[in-house]
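Results of the structural survey
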Amino acid sequence: MLKNIPPILGPDLLGILRAMGHGDEIAIVDANYPADAAGPALVRLDGVSATDVLDAILTLMPLDDFVDDAAFCMQVVGDADKREPVMDAFETIVKKHEPKIGLASLERFAFYERVSHGYAIVQTGERRLYGNILLKKGVIRPA
């Protein structure tokens, strides 16, 4: 155990977060996501919600403020403007940690494609549909 690190972030995920560089992307996906076949390194956190994982990751990892969008959810198929409750929860958590950053969205297959080129995927036990979010890592500025 370490001080001030959320206990759901195990050594494999902590290593990934530390190794990622500015601009690298990590996806937090739900239990239905085809993560094993997606390509990037996979960390499984079965039994943990995507919102809890997002909150834990954002306690340590800054989001990229050099780009227009640094957090993306997957659009609802057939209704790109629809917001599922899990998306509102994601946006609340993002704003808690990064008040100037919002939640953008990507069409389903564009989301899959972007995740496949990312640094890593964290597959959660999230059961809410569209419980997927992609994050672009930012920088920590000198104090």
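If you're wondering where the values come from, they're calculated on a predicted model, not measured in any experiment.

Relative to each other, helix α2 (residues 50-60) and helix α3 (residues 85-97) sit at 15°, their axes nearing to 10 Å. In terms of their interaxial angle, α2 and α3 are classed as roughly parallel. Crossing angle aside, the handedness with which α2 passes α3 is right-handed. Residues A50, T51, L54, D55, L58 and T59 of α2 lie in contact with α3, whose contacting residues are V86, A89, F90, I93, V94, K96 and H97.

What follows covers the side chain of K136. Relative to the helices and strands, K136 is located in strand β6 (residues 133-136). The exposure class of K136 is buried, given its relative accessible area of 14%. Dropping the residues within four chain positions of it, K136 is found in contact with G23, D24, E25, P62, L63, D64, V67, A70 and R114.

Looking at helix α1 (residues 11-19), one finds that the buried residues are L13, I16 and L17. On an axial view of α1, the arc spanned by its buried residues comes to 95°, and they lie on one face. Facing away from the buried surface of α1 by more than 90 degrees, the exposed residues are P11 and R18. If you follow the buried residues of α1, they end up packed against β1 (25-29), β2 (41-45), α2 and β5 (120-124).

Parameters at a glance
Residues numbered from 1 in each chain as written. Predicted model: local features only at pLDDT ≥ 70, side-chain atom pairs only at ≥ 80, totals over all residues. Heavy atoms only, no water. Axes fitted to C-alpha atoms, helices over the stretch in contact; angles between N-to-C directions. Helix = DSSP H or I, 4+ residues; strand = E, 2+ residues; numbered from the N terminus. Parallel < 35°, antiparallel > 145°, perpendicular 65-115°, else oblique. Left-handed = near helix turned anticlockwise from the far one by under 90°. Contact = heavy atoms within 4.5 Å. Buried < 20%, exposed > 50% of the residue type's maximum accessible area, 1.4 Å probe, protein only. Arc of directions from axis to C-beta.

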